[in-house]
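Here is how the chains run, residue by residue.
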Amino acid sequence: MRTAAARVTAAALLAATLAAATACAAGPEDGAPAGAVAPASPAPASPAPASPAAPPASASPARVPATLSFTGKTLDGTAFDVAALAGRPVVLWFWAPWCATGASQAWTVAEIAPAYRDTVPIVGVAGLGEQKAMKSFVTEFDLGGTTQIDDRAGALWRRFKVAEQSTFVVLDRTGRVVHQGFLDGEALTRQVETLARG
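Residues numbered from 1 in each chain as written. Predicted model: local features only at pLDDT ≥ 70, side-chain atom pairs only at ≥ 80, totals over all residues. Heavy atoms only, no water.

Student: Can you walk me through the overall build of the protein chain in this structure?
Tutor: Within the protein chain, the secondary structure is distributed over 5 helices and 8 strands. Mapped from its N terminus to its C terminus, the protein chain presents α and β elements in the order α-β-β-β-β-α-β-α-β-α-β-β-α. Every one of the 198 residues in the protein chain was classed for burial, and the buried ones make up 42%. The contacts of the protein chain with a sequence gap of at least 6 include a subset with a gap of at least 24, amounting to 75%. On the protein chain, roughly 9,800 Å² of surface is accessible, and the fraction owed to carbon and sulfur atoms is 58%. (Helix = DSSP H or I, 4+ residues; strand = E, 2+ residues; numbered from the N terminus. Buried < 20%, exposed > 50% of the residue type's maximum accessible area, 1.4 Å probe, protein only. Contact = heavy atoms within 4.5 Å. Areas by Shrake-Rupley, 256 points an atom, 1.4 Å probe, with all protein chains shown as cover.)

Here you go:
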């Protein structure tokens, strides 16, 4: 496992190299076909999965806001219902495997996501690339413990009107968008810590 200093150095070198060769401003085209991500069927709220930080079983289930009413498949092909995260703040991280900005943020996501898995889940939304490149990105940046939705067709990118990557969409526990846009590692960490306390 790499040290924090080595991760920062590797991310900086990768970011500099990729920044020289590519820009990260392109989002999915409006006319792109819908893909693996679909709206969840309107249903009563689903309870959050059991975890040490989850409310007791006797508590009423969280209402599922429209922002979390969708399903998809992870990069490994597992079905994922985002509604299961209702009642908690959620961070959606829209990234592309070739983007230098996403690469520079990946180490922070890999570092903080496991610590906040039960209180402020971070969910990656991989798009604008081939699945093989997306899986390589996850491996390279130690993101295997963080849910990564396969959104190659851009359905979620269009749903959240993401026009460039890397973009973070931060939802409070009611599902309201409280931030959408760029966050560097320090700002992301502060945002997640604040949501976890609140």
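Student: When you look at the pairing of strand 7 (residues 167–171) in this model, what are you seeing that I'm missing?
Tutor: Two faces make up the sheet, and in a regular strand the side chains alternate between them. The buried fraction of strand 7 is high, at 5 of 5 residues. Burial of strand 7 is two-sided: the residues Thr167, Val169 and Leu171 facing one way and the residues Phe168 and Val170 facing the other way are all buried. One ladder, built from 5 bridges, connects strand 4 (residues 90–95) with strand 7; its direction is antiparallel. Counterpart to Val91 in the pairing with strand 7 is Val170. Direction of pairing for strand 7 relative to strand 8 (residues 177–181): antiparallel, over a ladder of 4 bridges. Residue pairing across strands places Val169 opposite Gln180, the latter belonging to strand 8. (Pairing = 2+ DSSP bridges.)

Student: Would you mind going over the sheet that holds strand 4 with me for this structure?
Tutor: Hydrogen bonding along the main chain pairs the strands of a sheet, whether they run parallel or antiparallel. Within the open sheet, the 5 strands sit side by side as 6-5-4-7-8. Their pairing is mixed. With partners counted over all chains shown, the strands left at the sheet margins are strand 6 (148–150) and strand 8, one partner each. Taking the axes of each pair of neighbouring strands and ignoring which way they run, one obtains an average angle of 15° across the sheet. The sheet contacts of helix 2 (residues 100–112) involve strand 4, strand 5 (122–126) and strand 7, and relative to strand 4 the element is tilted by about 150°. This element, helix 5 (residues 185–197), spans strand 4, strand 5, strand 7 and strand 8 of the sheet and lies at about 10° to strand 7. (Axes fitted to C-alpha atoms, helices over the stretch in contact; angles between N-to-C directions.)

Student: What should I look at first to understand the packing of helix 2 against helix 5 in this one?
Tutor: Any two packed helices are characterised by how steeply their axes cross, that is the angle between the axes, and by the distance between the axes. Where helix 2 meets helix 5, the closest approach of the two axes is 9 Å, and the angle between their N-to-C directions is 30°. Taken as axis vectors, helix 2 and helix 5 run roughly parallel relative to one another. Here helix 2 runs over helix 5; the crossing is right-handed. Each of Thr108, Val109 and Ile112 in helix 2 lies in contact with helix 5, whose residues at this interface are Gly185, Leu188, Thr189 and Val192. Split into classes, the residues belonging to the contact of helix 2 with helix 5 amount to 4 nonpolar, 3 polar and no charged. (Parallel < 35°, antiparallel > 145°, perpendicular 65-115°, else oblique. Left-handed = near helix turned anticlockwise from the far one by under 90°. Nonpolar A, V, L, I, M, F, W, Y, C, P; charged D, E, K, R; others polar.)

Student: Just checking my understanding: could you explain the packing of aromatic side chains for this structure?
Tutor: Under the counting rule described, the total for this entry stands at 9 aromatic pairs. Ring geometry for Trp93 versus Phe168: centroids 6.0 Å apart, planes at 10°, classification stacked. Residue Trp93 is located in strand 4, and its partner Phe168 is located in strand 7; the two are separated by 75 residues in the primary sequence. Across the pair, Phe168 and Trp93 agree in class, each one buried. Ring centres of Trp107 and Phe141 lie 4.9 Å apart, and the angle between their planes is 65°; on these two criteria the pair is classed as edge-to-face. Note that Trp107 is positioned in helix 2 and Phe141 in the loop between helix 3 (131–140) and strand 6, a separation of 34 residues in sequence. Given the relative accessible area of 2%, Phe141 is considered buried. These aromatic residues form a ring-pair network of at least three members: Trp93, Trp95, Trp107, Phe137, Phe141 and Phe168. (Phe/Tyr/Trp six-rings, centres within 6.5 Å; stacked < 30°, edge-to-face > 60°.)

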